[in-house]
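# Structural overview for review
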Amino acid sequence: MEAIGLIFLAGFVGTICMSLSMWSIHYAGSVNADMIRAVGSFFTKDMNKALIPGIITHIIVGVIFAFPYAFLINLAPHILIASIVTGGAVGFFHGYLVGFLLVVLVARNHPLEQFREAGISVAAAHVFGHLIYGVGIGVILGLYGYEWTSILTK
């Protein structure tokens, strides 16, 4: 049971790290990377009411995605740097997939005009955000010596 709690914690920490990195990119003014409001406005269809649903959705999905990340991180040697590098690599590829799908499918169907334009810079912001998410998960799991087998054997 402790391993499941650790994965929840890692998912939460990774999600906060990703949110802060995406927020930093967005508020630097270089690209529209306001992912939390983009997600929330899918539900509310109103930018002014999108923050809370976006935060809740992002945290829930971040915790859920921590489980496959944890499984993949567990395949690496059980040392801190390997957990961090593996988490970052998984995050990079996850972000690449999300960025591609965002540009190709999601943006053109978004209910708000400001999120319908998603080019390579938005995709790159998502790659970076997901890389940070994976690193955050890797740090937490690596620091606490996480092993996937502890879920299966206890």
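This section reports on the structure supplied with the text. (Residues numbered from 1 in each chain as written. Predicted model: local features only at pLDDT ≥ 70, side-chain atom pairs only at ≥ 80, totals over all residues. Heavy atoms only, no water.)

### Structural notes on the environment of Tyr146
Relative to the helices and strands, Tyr146 is located in the loop between helix 5 (120-143) and helix 6 (149-153). A residue is classified by how much of its surface remains accessible, and Tyr146, at 5% relative accessible area, is buried. The spatial distance from the C-alpha of Tyr146 to the C-alpha of His78 is 7.8 Å, given a sequence separation of 68 residues. (Helix = DSSP H or I, 4+ residues; strand = E, 2+ residues; numbered from the N terminus. Buried < 20%, exposed > 50% of the residue type's maximum accessible area, 1.4 Å probe, protein only.)

### Here's the deal with helix 3 (residues 51-74)
Relative to the 34 Å expected for 24 residues at 1.5 Å per residue, helix 3 spans 34 Å between its end C-alpha atoms, a close match to the ideal helical length. Along helix 3, the sharpest change in direction is near 30° and occurs at Phe67; proline Pro68 comes one to four residues later. Listing the buried residues of helix 3 in full gives Gly54, His58, Gly62, Val63, Ala66, Tyr69, Ala70, Ile73 and Asn74. (Expected span 1.5 Å × (residues − 1). Bend = angle between axes of the 7 residues up to and from the residue.)

### A short note on a nonpolar patch on the surface
A contiguous nonpolar patch, built from Leu51, Ile52, Ile55, Ile56, Ile60, Val61, Ile64 and Phe65 and spanning about 670 Å² of accessible area, is present on the exposed surface. In this fold, Phe65 is placed in helix 3. (Patch = residues over 30% accessible without salt bridge, like charges linked within 9 Å, V, L, I, M, F, W, Y side chains within 5 Å. Areas by Shrake-Rupley, 256 points an atom, 1.4 Å probe, with all protein chains shown as cover. Salt bridge = Lys/Arg side-chain N within 4 Å of Asp/Glu carboxyl O.)

### Some points on the side chain of His130
Within the fold, His130 resides in helix 5. Looking at His130, its side chain comes within polar contact range of the main-chain oxygen of His126, at 2.7 Å. With residues up to four places along the chain from it excluded, the contact list for His130 reads Met18, Tyr69, Gly91, His94, Gly95 and Val98. (Polar contact = N/O pair within 3.5 Å; in protein donor to acceptor, adjacent residues only side chain to side chain. Contact = heavy atoms within 4.5 Å.)

### Quick word on the packing of aromatic side chains
Applying the stated criterion to the full structure yields four aromatic pairs. Arranged with centres 5.1 Å apart and planes meeting at 45°, the rings of Trp23 and Tyr27 form a pair that is tilted. Highlighted residues: Trp23 and Tyr27, both in helix 1 (residues 2-27), separated by four residues, approximately one helical turn. A ring pair is formed by Tyr69 and Tyr133, whose centres lie 4.9 Å apart and whose planes are at 85°; its orientation type is edge-to-face. Taken together, the positions of Tyr69 in helix 3 and Tyr133 in helix 5 put the pair 64 residues apart, joining distant regions of the chain. The same class applies to Tyr69 as to Tyr133, namely buried. (Phe/Tyr/Trp six-rings, centres within 6.5 Å; stacked < 30°, edge-to-face > 60°.)

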